[in-house]
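Architecture at a glance
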Amino acid sequence: MPDSTSKTVPETAGPRPAAAPSAAAKGQSSRVAVASLVGTTIEYYDFAVYGTAAALVLGPAFFPSGNATASSLAAFLTFAAAFLSRPLGVVLFGTIGDRLGRRQALVISLLLMGVATVGVGLLPTYESAGLLAPVLLVTLRLLQGVSMGGEWGGAVLLAAEHAPPGRRALYAAIPNVGPSLGFLLSTAVILPTLNIAGQDGFADGAWRIPFLLSIVLFVIGLWVRSTVSESPVFSSAAGPTTPAPVSRFPLGTLLKQHPGRLLLGTGAAIGGSAVYYLTIVYSLSYAPQSLGIPRNTMLTAASIGAAAGIAVTLPVARLADRIGRRPVMLTGAIGSVVWAVPMYASLSSRNALVITGAYTVGLMLLALMFSPMAAFLAELFPARLRYTGASATFILANTLGGGFAPSIATWLNSHWDSPLVLGFYTGGLCLLSLLCLLALPETRDDEFGS
């Protein structure tokens, strides 16, 4: 059996790898933190920018239609397209990461991400290029999705496998700051651009600016990742005293040996993905268009909520290192189930303070559920399948729970025009996550170096 190779390692090599991550993490902790954070920040910066641009201009610019809803739906479907190609990224970068190393996979994924994100800012519109424009847009979104398929899992492992003993959840949670940080950066670029260019100027071409400015983040990210060391857990597992890699096709081995954990891990993360994307992407379009809430009010509410989520992410992860992953995540899942309807019902008030308060509570509960999730998903799988396993569970959850959320929500609200629909839909997915977490074991004390 493929996994039997890990059992042929001499006994004397067993516990020693645990000391290597500790020394490596202490020696270059700052660089590892930046290297693991930068990719997820860029990823969610792009998704937030694209989501805002899709709501404001991409529909008529690339998918002109006499029906505003149909045009917006087409733009949001290209948002979902990036999620559809993520499984291909899991296969590609999971294989690279589990066979050749975490660092190499992360450098390649960041390069591909940079080409795709900056490329969107350079595209011609339908008016100047006809059908070629939406084809190129979908192509770049698919490439961006492929890069994302390997980004999160690799970033988490780079941090977690450098972590000193007793701090794995803390280190692994660093990439989970990326989603909220990416959204805050996107808001910091989009709001001034909108205010300076105006709605018409933004639609005429200023929408390209946020995409093009991402090149600064890519240059920094590539420099940091090219200088950080390989994961010590991977290096010790792939050293000269160990056998050949577990499998030429890690995903196939994963499906054969760990199907239950793959499915339950996906379910555990699906609710949080829905909360994030409906709050950070969809509601920023839905609330102004359907409820007449000023867009700046929604951006401010989501930004304050995102900042609150960032503030609690690392303390929550440290708590998970002390008391275990499941107690913290279960608390967040229960809170998210209970709070889902009140959070989106707050939109009916059209009151900025009420909405901001509801979003802040909701995104802090999301941090409880998601902050330990990075370490938890990685710990579900052995080292030689860990890149593929962690990536596959998270990407499937993100695709099913988040990628289609804006499109599903658009369809639901076309039949039942009430923000309560968002709450029931999100609450149902959070309930599924709660049940999956109850079915999975605690992983805090599991052996991580093998």
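In this text, all values refer to a predicted model and were calculated from it rather than measured experimentally.

Quick word on the overall build of the chain
- Secondary structure summary: the chain contains 20 helices and zero strands in total.
- Across the 450 residues in the chain, those meeting the buried criterion constitute 59%.
- The long-range fraction of contacts in the chain, counting pairs at least 24 apart against all pairs at least 6 apart in sequence, stands at 86%.
- Of the roughly 16,300 Å² that the chain leaves accessible, carbon and sulfur atoms contribute 69%.

Overview of the packing of helix α15 (residues 325-345) against helix α20 (residues 420-439)
- Interaxial distance between α15 and α20 falls to 7 Å at its minimum, and their mutual angle equals 170°. Classified by the angle their axes make, α15 and α20 are roughly antiparallel. In the packing of α15 onto α20, the handedness of the crossing is left-handed. Facing Arg326, Met329, Leu330, Ala333, Ile334, Ser336, Val337, Ala340, Val341, Tyr344 and Ala345 of α15, the residues of α20 in contact are Leu420, Leu422, Gly423, Phe424, Thr426, Gly427, Cys430, Leu431, Leu434, Leu437 and Leu438.
- Residue composition of the contact of α15 with α20, grouped by class: 17 nonpolar, four polar and one charged.

Here's the deal with the nonpolar core
- Core analysis: the biggest nonpolar cluster contains 99 residues, and Phe183, Met298, Leu347, Tyr359, Met373 and Phe376 have the highest contact counts within it.
- Looking at this core, the element that brings in the most residues is helix α13 (residues 259-291), giving 16 residues.
- In contact with Tyr359, other than residues within four places in its own chain, are Thr279, Ser283, Met298, Ala301, Ala302, Gly305, Met343, Tyr344 and Leu347.

Here we look at the side chain of Thr187
- Note on placement: Thr187 falls in helix α9 (residues 178-206).
- For Thr187, a relative accessible area of 7% corresponds to the buried category.
- Sequence-distant contacts of Thr187, defined by excluding residues within four places in its chain, comprise Pro192, Leu299 and Ser303.

A closer look at the pattern of salt bridges
- Enumeration according to the criterion identifies 11 salt bridges in this entry.
- Note that Arg225 is salt-bridged to Glu151, the shortest N-O span being 2.5 Å. Of this pair, Arg225 sits in helix α10 (residues 208-227) while Glu151 sits in helix α7 (residues 132-160), and the two are 74 residues apart along the sequence.
- Taking relative accessible area as the criterion, Glu151 reaches 0% and is therefore assigned buried.
- Among the charged side chains, a network of salt bridges with common partners joins Arg168, Arg318, Asp321, Arg325 and Glu379.

Considerations on helix α12 (residues 250-257)
- Among the residues of α12, those classed as buried are Pro250, Leu251, Gly252, Thr253 and Leu254.
- Here the buried face of α12 lies against α4 (86-99), α13 and α18 (386-403).

With respect to unusual backbone geometry
- A positive phi angle, near 60°, is found at Arg350, a position not held by glycine.
- Tracing the chain through its elements places Arg350 in the loop between α15 and α16 (352-370).

Describing the environment of Ile304
- Residue position: Ile304 is located in helix α14 (residues 295-323).
- Along the backbone, Ile304 and Gly357 are 53 residues apart, and their C-alpha atoms lie at a distance of 8.8 Å.

Let's talk about the environment of Thr227
- Considering the arrangement of structural elements, one finds Thr227 in helix α10.
- On a C-alpha basis, the gap between Thr227 and Ala35 in space is 9.2 Å, while along the polypeptide they are 192 residues apart.
- If we ignore the near neighbours within four places in the chain, the residues touching Thr227 are Arg31 and Arg103.
- Here Trp223 takes part through its backbone oxygen, which lies 3.2 Å from a polar atom of the side chain of Thr227.

Observations concerning the packing of aromatic side chains
- Tallied over the full model, the rule gives 10 aromatic pairs.
- Between Trp207 and Phe211, the ring centres sit 6.1 Å apart and the planes meet at 85°, which makes this aromatic pair edge-to-face. By the burial criterion, Trp207 is buried, and Phe211 matches it.
- For Arg141, the ring lying beneath its charged end belongs to Tyr50, and the centroid distance is 3.9 Å.

Considering the confidence of the model for the chain
- For the chain, per-residue confidence averages 83 on the pLDDT scale, and 87% of positions sit at 70 or higher.
- Within the chain, the element-level pLDDT minimum falls on helix α1 (residues 19-27), averaging 45, and the maximum on α15, averaging 96.
- For the stretch residues 1-25, pLDDT sits under 50, and the model shows 33 contacts to residues farther than four places along the chain or on other chains.
- Low pLDDT, under 50, characterises residues 240-245; the predicted model gives this stretch 11 contacts beyond four residues in sequence or across chains.

Description of the side chain of Ser186
- With respect to the element layout, Ser186 can be found in helix α9.
- Owing to a relative accessible area of 1%, Ser186 belongs among the buried residues under this scheme.
- A polar contact is formed between the side chain of Ser186 and the backbone oxygen of Phe183, at a distance of 2.6 Å.

Regarding the packing of α14 against α16
- Look at α14 against α16: their axes get within 8 Å of each other, and the N-to-C directions meet at 30°. Here α14 is positioned roughly parallel relative to α16, judged by the angle of their axes. The crossing of α14 and α16 is right-handed. Residues Thr297, Met298, Ala301, Ala302, Ile304, Gly305, Ala306, Ala308, Gly309, Val312, Thr313 and Val316 of α14 form the contact with α16, whose own contacting residues are Ala352, Ile355, Thr356, Tyr359, Thr360, Leu363, Met364, Ala367 and Leu368.

Definitions and limits used
Residues numbered from 1 in each chain as written. Predicted model: local features only at pLDDT ≥ 70, side-chain atom pairs only at ≥ 80, totals over all residues. Heavy atoms only, no water. Helix = DSSP H or I, 4+ residues; strand = E, 2+ residues; numbered from the N terminus. Buried < 20%, exposed > 50% of the residue type's maximum accessible area, 1.4 Å probe, protein only. Contact = heavy atoms within 4.5 Å. Areas by Shrake-Rupley, 256 points an atom, 1.4 Å probe, with all protein chains shown as cover. Axes fitted to C-alpha atoms, helices over the stretch in contact; angles between N-to-C directions. Parallel < 35°, antiparallel > 145°, perpendicular 65-115°, else oblique. Left-handed = near helix turned anticlockwise from the far one by under 90°. Nonpolar A, V, L, I, M, F, W, Y, C, P; charged D, E, K, R; others polar. Core = buried A, V, L, I, M, F, W, Y, C linked by side-chain atoms within 4.5 Å. Salt bridge = Lys/Arg side-chain N within 4 Å of Asp/Glu carboxyl O. Polar contact = N/O pair within 3.5 Å; in protein donor to acceptor, adjacent residues only side chain to side chain. Phe/Tyr/Trp six-rings, centres within 6.5 Å; stacked < 30°, edge-to-face > 60°. Lys NZ or Arg CZ within 6 Å of the ring centre and 35° of its normal. pLDDT = per-residue confidence, 0-100.

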